[in-house]
Amino acid sequence: MSLKTMDRPVKWKGALNGSQDAREANAWHQAMEQLDRAAQKIRLEQYILERLRHAKRTLTVSVPVKMDDGTLRVFEGYRVQHNLDRGPAKGGIRFHPQVSMEEVKALAFWMTMKCAVMNLPYGGAKGGVICNPKEMSIGEIERLTRRYTAEISIIIGPDKDIPAPDVNTNEQIMGWVMDTYSMTIGYSAPGVVTGKPVDIGGSLGRREATGRGVFYITQELANVKGFDLRESSVVVQGFGNVGMNVARIFAQHGCRVVGAADVMGGIYNPEGLDVEALAEWSNKHDTISRFPKGRKISTQELLELPCDILIPAAMENQITHYNAHRIRAKYIVEGANGPTTTEADRILAKREILVVPDILANAGGVTVSYFEWVQDIQSFFWDEKDVNARLKDHMVRSFRDVHDIHTREKVDLRLAAFMLALRRLAQAVRIRGLFP
Ligand code: NAD
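Everything numeric in this text was worked out from a predicted model, so none of it was measured.

### Some words on empty space enclosed by the protein
Turning to step 1, where the next piece is worked out: One pass over the full model with this rule turns up one cavity of 30 Å³ or more.
Turning to step 2, where the next piece is worked out: Taken as a whole, the largest cavity holds about 60 Å³ of empty space.
Turning to step 3, where the next piece is worked out: In terms of lining, the largest cavity is formed by Glu24, Ala25, Ala27, Gln30, Gln34, Trp110, Glu316, Asn317, Gly338, Thr340 and Thr341.
Turning to step 4, where the next piece is worked out: For the lining of the largest cavity, the elements supplying multiple residues, two or more each, are α1 (20-25) and α2 (27-41).

Here you go:
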């Protein structure tokens, strides 16, 4: 590309090639549509857009694991660093049968944008392994984690790229990541990973941070829209780290959580679910859908329940052109990454259903991960009250930054969040210039 064309603002190409279904199912295409739209709106220089349309580094690794029955299985894993202009890369590790390079690239891109919306000194990354941990023993999961970590250790590190938990990974798995990396370098490096147990340098409040952040953002939404959160009904899709903590924190603050679901099905009680009992049930059973005090429903039905606030907290591509017409929530607050497709966004906007986007709504996790990393580097740990107060500050400030753009420039909240992130990111790219 010539230097001249590098400065031209980009035209939003809108829909990409291919059928609508294929497009909606491809998280990277969705992410690029969001990027193009925001780039056009802020008249981003073409050369910066071009750089952001490519991940800086993509690593594919094969992960050989000795299974309990003595056989050897080779899993495929990925680590993607989308952008490093604002600081080291940051992003979770996912273990799931549907992981793909396209998905990991999209998730890494969203991390770049999320860290910029929150003004954290990080770029974006993500990792994943194609596997089904539900069918593996603890020993197999540990060996998979350790070998995957060893394979990606050439690009991770406290100053380079700091993983964290995501779908089907947890504190224990982060502990193995920290131990494996520390073994390869010969000393303990707690700052290489966040979301690890408190006993080895984890942060108080990290476990609940994403859910708590979703709550703080929804509180701000209620303030600007003038409704009482305590009078609101809430539906949560996904009952893992994010979904369960969302349900508990909203219930603790007096909201009526009327529906919840995991991958196997959902449960509905218009009077309000007993969330603490449901969380206890979920720890002891393989699904919440058989919880006795409510009506069993499918996960798809759950998304279409009447409620004030719908919180998708499971996977991408849940609200699409198929069901967006039938959503009956007044507000959608995205606990998951990429749960709403761009086509669904258009339908919801026409129906005046306001969507608070993932890169703002679920940023509490990465924010407390940042606090954890800072505490590790300083070897000085904060109490939980301090962590939660700082988290609230960050969430409220970013909500206001995004909301200001939303009202001033008359754009939806997703576009506003992307515009804010892109402006910050573009400035870093301009200042750093192009090497060599
Ligand atoms: P998790 O593995 O702890 O839980 C995932 C939950 O979603 C499980 O209850 C699972 O049964 C359910 N689920 C999966 N597919 C489903 C489907 N089709 N319908 C209904 N439920 C389904 O994962 P998590 O860490 O809670 O992550 C959930 C989402 O939040 C992901 O999009 C993740 O990227 C995002 N996120 C996580 C964090 C974090 O700190 N863990 C931070 C920000 C965003």
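Moving on from the coordinates now.
### A closer look at the nonpolar core
Turning to step 1, where the next piece is worked out: With 90 residues, the main nonpolar core has Phe109, Trp110, Val117, Phe250, Val333 and Leu422 as its most contacted residues.
Turning to step 2, where the next piece is worked out: Here this core gets 12 residues from one element, more than from any other, and that element is helix α15 (residues 413-432).
Turning to step 3, where the next piece is worked out: The residue makeup of this core includes at least three contributed by each of domain 1 (55-189) and domain 2 (209-361).
Turning to step 4, where the next piece is worked out: Apart from residues lying up to four places away in sequence, Trp110 is in contact with Ala27, Ala31, Gln34, Glu316, Asn337, Gly338, Asp358, Ile359 and Phe418.

### Some remarks on the sheet that holds strand β9 (residues 295-297)
Turning to step 1, where the next piece is worked out: With respect to topology, seven strands assemble into an open sheet ordered β9-β8-β7-β6-β10-β11-β12, the strand pairing being mixed. The sheet terminates laterally at β9 and β12 (354-356), the two strands that pair on one side only. When the angles between neighbouring strand axes are averaged without regard to direction, this sheet yields 20°.
Turning to step 2, where the next piece is worked out: In this sheet, β12 lies alongside strand β11 (residues 329-333) in parallel orientation, the contact comprising three bridges. Within β12, the position partnered with Tyr331 by the bridge is Leu354.

### Description of the layout of surface pockets
Turning to step 1, where the next piece is worked out: Of the pockets and cavities examined, the second largest pocket occupies roughly 460 Å³.
Turning to step 2, where the next piece is worked out: Lining of the second largest pocket is provided by 19 residues; of these, Arg51, Lys56, Leu84, Asp85 and Arg432 occupy positions nearest its centre.
Turning to step 3, where the next piece is worked out: Counting only elements with at least two residues in the lining of the second largest pocket, the list comes to α3 (46-52) and β2 (72-83).
Turning to step 4, where the next piece is worked out: At three residues, β2 tops the list of elements feeding residues into the lining of the second largest pocket.
Turning to step 5, where the next piece is worked out: Here the residues of the lining of the second largest pocket sort into six nonpolar, six polar and seven charged.

### Topic: the pattern of salt bridges
Turning to step 1, where the next piece is worked out: The tally for this structure, following the rule as stated, stands at 33 salt bridges.
Turning to step 2, where the next piece is worked out: The partner of Asp412 in a salt bridge is Arg37, with the nearest N and O atoms 2.6 Å apart. Taken together, the residues span a long stretch of sequence, with Asp412 in the loop between α14 (384-408) and α15 and Arg37 in helix α2 at a distance of 375 residues.
Turning to step 3, where the next piece is worked out: Here Glu372 makes a salt bridge to Lys196, at a shortest N to O gap of 2.6 Å.

### Observations regarding the site of the ligand
Turning to step 1, where the next piece is worked out: Neighbouring residues of the ligand: 24 residues in total, closest Asp166, Asn168, Thr210, Asn241 and Asn337.
Turning to step 2, where the next piece is worked out: At a separation of 2.8 Å, an oxygen atom of the ligand approaches a polar side-chain atom of Thr210.
Turning to step 3, where the next piece is worked out: In this structure, Asp262 approaches the ligand through a main-chain N or O atom, which is 3.4 Å from a nitrogen atom.
Turning to step 4, where the next piece is worked out: Starting from 830 Å² of accessible surface for the ligand in isolation, the protein chains cover 88%.
Turning to step 5, where the next piece is worked out: If you list the elements that add at least two residues to the shell around the ligand, you get α7 (206-225) and α8 (241-252).
Turning to step 6, where the next piece is worked out: Residues belonging to the shell around the ligand are distributed by class as follows: nine nonpolar, 11 polar and four charged.

### A short note on the domain arrangement of the protein
Turning to step 1, where the next piece is worked out: In terms of domain boundaries, the protein breaks down into domain 1 (55-189) and domain 2 (209-361).
Turning to step 2, where the next piece is worked out: The C-alpha-based centres of domain 1 and domain 2 are spaced at 27 Å.
Turning to step 3, where the next piece is worked out: Of the residues lining the interface, 11 residues belong to domain 1; the matching set on domain 2 comes to eight residues.
Turning to step 4, where the next piece is worked out: At the boundary of domain 1 with domain 2, total buried surface from both sides reaches about 840 Å², with 63% on carbon and sulfur atoms.
Turning to step 5, where the next piece is worked out: Among the residues of domain 1 in contact with domain 2, Trp110, Lys114 and Val117 are the three that bury the most area, contributing 49% of the side total.
Turning to step 6, where the next piece is worked out: We note a salt bridge from Arg94 to Glu316, for which the minimum N-O separation is 2.7 Å.
Turning to step 7, where the next piece is worked out: For the pair domain 1 and domain 2, the number of links is two residue pairs in polar contact (both at pLDDT 80 or more).
Turning to step 8, where the next piece is worked out: Secondary-structure elements contributing two or more residues to the side of domain 1 that touches domain 2 are β3 (89-96) and α4 (101-117).

### Quick look at the environment of Thr210
Turning to step 1, where the next piece is worked out: Mapped onto the secondary structure, Thr210 falls in helix α7.
Turning to step 2, where the next piece is worked out: Take Thr210: its relative accessible area is 8%, and that puts it in the buried class.
Turning to step 3, where the next piece is worked out: Setting aside its immediate chain neighbours within four residues, Thr210 contacts Asn241, Val242, Asn362, Gly364 and Gly365.

Each value, and the rule that gives it
- Along every chain, residues carry numbers that run from 1 in the direction the sequence is written.
- Reporting in this predicted model follows two pLDDT cut-offs: at least 70 for local features of residues, and 80 or more for side-chain atom pairs to be given and counted; totals over whole chains, interfaces and linings ignore these cut-offs and use all residues.
- Only hydrogens and water are set aside when side-chain values are computed; all heavy atoms of the structure are taken into account.
- Grid points spaced at 1 Å and placed over the protein atoms alone form the basis of the search, with a cavity being a set where a 1.4 Å probe fits but cannot get out and a pocket an open set showing protein on both sides within 12 Å along at least five of seven lines. Lining residues have an atom within 4 Å of a point.
- Grid points are joined across faces, edges and corners, and a volume is the space filled by probe spheres set on the points.
- Elements are defined by DSSP. Helices are runs of H or I of four residues or more, strands are runs of E of two residues or more, and each kind is numbered from the N terminus.
- In plain words, nonpolar cores are sets of buried Ala, Val, Leu, Ile, Met, Phe, Trp, Tyr and Cys residues tied together by side-chain atoms within 4.5 Å.
- Summary of the burial criterion: residues with accessible area below 20% of their type's maximum are buried, those above 50% are exposed, and those between are partly exposed, where the area comes from a 1.4 Å probe applied to protein chains only.
- For every domain, the bounds stem from an assignment made automatically or drawn from a database.
- Contact between two residues is taken to exist if any of their heavy atoms lie within 4.5 Å; hydrogens are not considered.
- Pairs of strands are assigned from DSSP output, requiring at least two bridges between the strands.
- Geometry is summarised by axes, namely lines fitted to C-alpha atoms with helices restricted to the contacting stretch, and by angles between N-to-C directions that run from 0 to 180 degrees.
- Three classes are used: nonpolar for Ala, Val, Leu, Ile, Met, Phe, Trp, Tyr, Cys and Pro, charged for Asp, Glu, Lys and Arg, and polar for all others, with Gly counted as polar.
- Whenever a carboxyl oxygen of Asp or Glu lies within 4 Å of a side-chain nitrogen of Lys or Arg, that contact is scored as a salt bridge.
- For this purpose, a residue is taken to be near a molecule or strand whenever a single non-hydrogen atom of the residue falls within 4 Å of it.
- Polar contacts here mean pairs of N or O atoms no more than 3.5 Å apart (in protein, one a potential hydrogen donor and the other a potential acceptor; neighbouring residues in sequence count only if both atoms are side-chain atoms).
- Where accessible areas are quoted, they stem from the Shrake-Rupley method and a 1.4 Å probe; at the residue level, only the protein chains shown are allowed to cover.
- The buried area of a pairing is the accessible area, by a 1.4 Å probe, that goes missing from both parts when the two are put together, added over both.

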